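One-letter residues, chain by chain:
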Amino acid sequence: MSPVLEPVVPLSARRRTVPRWLRRTTGPLLLLVLWQVCSATRVLPSDILASPGTIARTASELLEDGTLSHAMLVSVQRVLIGLVLGGVIGVSLALVSGLSRLGEDLVDASVQMLRSIPWVGMIPLFIIWMGIGEAPKIALIALGVTFHLYLNVYAGIRGVDAQLIEAGTALGLGRWGLIRHVVLPGALPGAMTGLRYSLATAWLALVFGETINADDGIGFLLNRAREFFQTDVIVVCLIVYAALGLLADAIVRTLERLLLQWRPNFTGK
């Protein structure tokens with residue numbers, strides 16, 4: 001009688017009895033329950049931090065009267081414009097510096113010098129140069145985005161394996177052929193990492209930018225709520241910032257999966 005063969009189940013698969021989405025949401029849900037309990041028992045006074053129920057009602061009211069929707073639209077528009085401007089500048093400088101030694105000599109030292117200056121400290125100069133309208137807010141976002149993209153794209157270009165360049169040359173690729181088929185694809189992972197950092201910086205810069213005499217946007221709601229000690233509105237604005245940041249990061253992750261299918265990644269055990 002021949003032995004019965006049973007399929008071998010990997011140890012990692014045996015451990016995953018609980019769905020991953022449930023494991024990822026357990027911590028935040030427990031924190032939310034603890035927060036509600038502390039608010040209900042007065043351990044956490046409402047003038048210090050509003051309860052989750054109060055925050056949910058406030059968010060619903062702000063959505064119903066259109067205040068929050070309009071503020072989100074204005075803030076997202078500012079981030080997108082600043083991201084595009086900063087992205088074009090950062091990637092262009094990285095290409096000039098990364099693809100040419102002459103470009104590196106002309107560009108890299110200046111960019112590294114400017115990068116060491118805290119970009120938030122540029123707010124007074126931006127106000128003097130551009131006034132207190134939309135321009136300084138967008139310029140602040142673009143400035144923060146530029147440096148992240150420059151550093152990561154430049155590092156990605158210079159991190160391409162020299163053996164791949166030699167192989168491409170042996171196959172008859174010219175300079176532009178090497179750039180198109182070898183260098184730029186090799187630099188793409190670094191560029192995607194730079195984009196993720198840039199998006200996080202863009203939202204951070206937006207918070208500072210919307211303190212410059214803003215009369216709309218999420219930052220405006222946040223500052224107005226601070227003046228009237230409305231902790232519920234403050235938390236709603238912070239949640240919106242976090243949600244928009246997570247959404248932007250999810251979009252970049254999706255792009256990474258689509259554009260970097262050729263590169264296998266370690267996803268953990």
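For the structure, check the block above.
Residues numbered from 1 in each chain as written. Predicted model: local features only at pLDDT ≥ 70, side-chain atom pairs only at ≥ 80, totals over all residues. Heavy atoms only, no water.

Chemist: Can you lay out the overall build of the protein for me, pointing to particular residues and giving the numbers?
Modeler: Helix and strand counts for the protein stand at 11 helices and zero strands. Counted from the first residue to the last, the protein has its helices and strands arranged as α-α-α-α-α-α-α-α-α-α-α. Relative to the globule expectation of 18 Å for 269 residues, the C-alpha radius of gyration of the protein, 24 Å, shows a markedly less compact shape. Per-residue burial over the protein gives 35% buried out of 269 residues. For the protein, the exposed surface amounts to about 17100 Å²; the carbon and sulfur share of it is 67%. Both charge centroids of the protein, one from 22 positive and one from 18 negative side chains, sit 11 Å from each other. (Helix = DSSP H or I, 4+ residues; strand = E, 2+ residues; numbered from the N terminus. Rg over C-alpha atoms; globule rule 2.2 N^0.38 Å. Buried < 20%, exposed > 50% of the residue type's maximum accessible area, 1.4 Å probe, protein only. Areas by Shrake-Rupley, 256 points an atom, 1.4 Å probe, with all protein chains shown as cover. Lys, Arg positive; Asp, Glu negative; His and termini not counted. Charge placed at Lys NZ, Arg CZ, Asp CG, Glu CD.)

Chemist: Lay out the nonpolar core with the relevant residues and their values.
Modeler: Nonpolar side chains in soluble globular proteins generally cluster together in the buried interior. Ranked by size, the top nonpolar core spans 38 residues in total, and within it I141, W203, I218 and V236 carry the most contacts. Sorting the residues of this core by element identifies α3 (52-64), α4 (67-99), α6 (123-130), α7 (134-158), α9 (175-209), α10 (218-227) and α11 (231-259) as the ones contributing at least two each. Setting aside residues up to four positions removed in sequence, I141 forms contacts with R78, V79, G82, L83, A202, A205 and L206. Grouped together as the second largest cluster of nonpolar side chains are 14 residues, V107, V153, V182 and A187 included. (Core = buried A, V, L, I, M, F, W, Y, C linked by side-chain atoms within 4.5 Å. Contact = heavy atoms within 4.5 Å.)

Chemist: I'd like a description of the environment of I141, backed by residues and values.
Modeler: Following the sequence through the fold, I141 ends up in helix α7. C-alpha separation for the pair I141 and I212, spaced 71 residues apart in sequence, amounts to 13 Å.

Chemist: I'd like a rundown of the packing of aromatic side chains, residues and numbers included.
Modeler: Counted according to the given criterion, the structure contains two aromatic pairs. Relative to W129, the ring of F126 has its centre 6.2 Å away and its plane inclined at 55 degrees; by these criteria the two rings are tilted. With F126 and W129 both in helix α6, this residue pair falls three residues apart, about one helical turn. Judged by relative accessible area, F126 falls into the buried class, the value being 6%. Given a relative accessible area of 55%, W129 falls into the exposed group. Taken together, a centroid distance of 5.8 Å and an interplanar angle of 10 degrees make the contact between Y150 and Y154 stacked. Separated by four residues within a single helix, Y150 and Y154 lie in helix α7, roughly one turn from each other. (Phe/Tyr/Trp six-rings, centres within 6.5 Å; stacked < 30°, edge-to-face > 60°.)

Chemist: Which residues make up the packing of α3 against α11, and what are the values?
Modeler: Relative orientation of the contacting elements α3 and α11 amounts to 75 degrees, with a least axis distance of 9 Å. Classified by the interaxial angle, the pair formed by α3 and α11 is roughly perpendicular. For the pair α3 and α11, the contacting residues are T54, I55, T58, A59 and L62 in the first and D232, V233, V235, V236 and I239 in the second. A per-class count over the contact of α3 with α11 returns seven nonpolar, two polar and one charged. (Axes fitted to C-alpha atoms, helices over the stretch in contact; angles between N-to-C directions. Parallel < 35°, antiparallel > 145°, perpendicular 65-115°, else oblique. Nonpolar A, V, L, I, M, F, W, Y, C, P; charged D, E, K, R; others polar.)

Chemist: Describe a nonpolar patch on the surface, and please don't skip the residues or the numbers.
Modeler: A surface patch of nonpolar side chains, about 450 Å² in accessible area, is lined by L247, I251, L255, L258 and L259. By secondary structure assignment, the location of L259 is in helix α11. (Patch = residues over 30% accessible without salt bridge, like charges linked within 9 Å, V, L, I, M, F, W, Y side chains within 5 Å. Salt bridge = Lys/Arg side-chain N within 4 Å of Asp/Glu carboxyl O.)

Chemist: I'd like a rundown of the environment of G53, residues and numbers included.
Modeler: Of note, G53 is situated in helix α3. Here G53 falls in the partly exposed class, since its relative accessible area comes to 26%. C-alpha separation for the pair G53 and T231, spaced 178 residues apart in sequence, amounts to 13 Å.

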